[in-house]
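Fold and contact review
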Amino acid sequence: MQIEHIAMYVNDLEAARDFFTEYLGGRSNSGYHNKNTGFRSYFISFDGGARLELMNKPQVADTDKAAERTGYAHIAFSVGSREKVDELTERLRSAGYEVKSGPRTTGDGYYESCIAAIEGNLIEITV
């Protein structure tokens, strides 16, 4: 058994697609659009087989995203080394993304940073 994909609704579908392809090395499909419902989506594929479905539908509510809440908390991406964590974190900070924490070594031994990237959703950058 493996996770087939993770999905998230976003307001700006193209900006979300561009984030995951530009900064995290994802590859996007050409997209899907259901003209009857207004639903649109992209599948972003990553090395190793992970996939992320980015979705947009006009009537989906956009609620506050408190960092500590029930439900999914973040998506973590491994970049392979401490140096790459540092480099990507600085690149994202320079691009205007909010660095919530790190880079740092956590109490359970992870070297990571946490970025508020896509409409307040948290992305962890790890070794």
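Quantities reported herein were computed from a predicted structural model and do not represent experimental measurements.

1. Comments concerning the pattern of salt bridges
Tallied over the entire structure, the rule returns eight salt bridges. Its salt-bridge partner being R93, residue E90 comes within 3.2 Å of it at the nearest N-O pair. Of this pair, E90 and R93 both sit in helix α2 (residues 82-94), three residues apart, which is roughly one turn of that helix. In this structure R93 comes out as partly exposed when scored by relative accessible area, which is 40%.

2. Quick notes on the pairing of strand β9 (residues 121-126)
Across a regular strand the side chains alternate sides, sitting on one face of the sheet and then on the other. Of all the six residues making up β9, six are buried; the element is thus mostly covered by neighbouring parts of the structure. Side chains of β9 alternate between two faces, with N121, I123 and I125 and L122, E124 and T126 buried alike. Summarising the sheet, strand β6 (residues 74-78) and β9 pair through five bridges and their orientation is parallel. Opposite I75, over in β9, you have I123 as the bridge partner.

3. As for the layout of surface pockets
Here the largest pocket defines a volume of roughly 580 Å³. If you trace the largest pocket, you find 27 residues lining it, with A7, M8, Y9, K65 and N121 closest to the centre. For the lining of the largest pocket, the elements supplying multiple residues, two or more each, are β1 (6-9), β5 (51-56), β6 and β9. The element that contributes the greatest number of residues to the lining of the largest pocket is β1, accounting for four residues. Looking at side-chain class alone, the lining of the largest pocket contains 15 nonpolar, six polar and six charged residues. Considered as a void within the structure, the second largest pocket measures approximately 400 Å³ in volume. In this structure, the second largest pocket is lined by 20 residues; those nearest its centre are F46, A50, R51, A76 and F77.

4. Looking at the environment of A61
With respect to the helices, strands and loops of the structure, A61 is situated in the loop between β5 and β6. Separated by 43 residues in sequence, A61 and R104 place their C-alpha atoms 34 Å apart.

5. Quick notes on the nonpolar core
F19, F20, L24 and I123 are the most contacted members of the largest nonpolar core, which has 25 residues in total. Those elements giving two or more residues to this core turn out to be α1 (13-22), β4 (40-45), β5, β6, α2, β8 (111-118) and β9. Those residues in contact with L24 that sit more than four places away from it in its chain are F19, F46, F77, L88, I123 and I125.

6. Quick notes on the packing of aromatic side chains
Under the criterion given, the structure shown has seven aromatic pairs. Their ring planes at 90° and their centres at 5.2 Å tell us that F19 and F20 sit as a pair that is edge-to-face. Among the residues examined, F19 registers a relative accessible area of 1% and is labelled buried. Judged by centre distance (5.2 Å) and plane angle (65°), the ring pair of F19 and Y97 falls under edge-to-face. Here the residue F19 occupies a position in helix α1, and Y97 occupies one in the loop between α2 and β7 (98-105), the gap between them amounting to 78 residues. Here Y97 falls in the partly exposed class, since its relative accessible area comes to 22%. Of the aromatic side chains, those joined through ring pairs into one cluster are F19, F20, Y23, F46, F77 and Y97.

Cut-offs and rules
Residues numbered from 1 in each chain as written. Predicted model: local features only at pLDDT ≥ 70, side-chain atom pairs only at ≥ 80, totals over all residues. Heavy atoms only, no water. Salt bridge = Lys/Arg side-chain N within 4 Å of Asp/Glu carboxyl O. Helix = DSSP H or I, 4+ residues; strand = E, 2+ residues; numbered from the N terminus. Buried < 20%, exposed > 50% of the residue type's maximum accessible area, 1.4 Å probe, protein only. Pairing = 2+ DSSP bridges. 1 Å grid on protein atoms, 1.4 Å probe; cavity = no way out; pocket = protein on both sides within 12 Å on 5 of 7 lines; lining within 4 Å. Points joined across faces, edges and corners; volume = space filled by probe spheres on them. Nonpolar A, V, L, I, M, F, W, Y, C, P; charged D, E, K, R; others polar. Core = buried A, V, L, I, M, F, W, Y, C linked by side-chain atoms within 4.5 Å. Contact = heavy atoms within 4.5 Å. Phe/Tyr/Trp six-rings, centres within 6.5 Å; stacked < 30°, edge-to-face > 60°.

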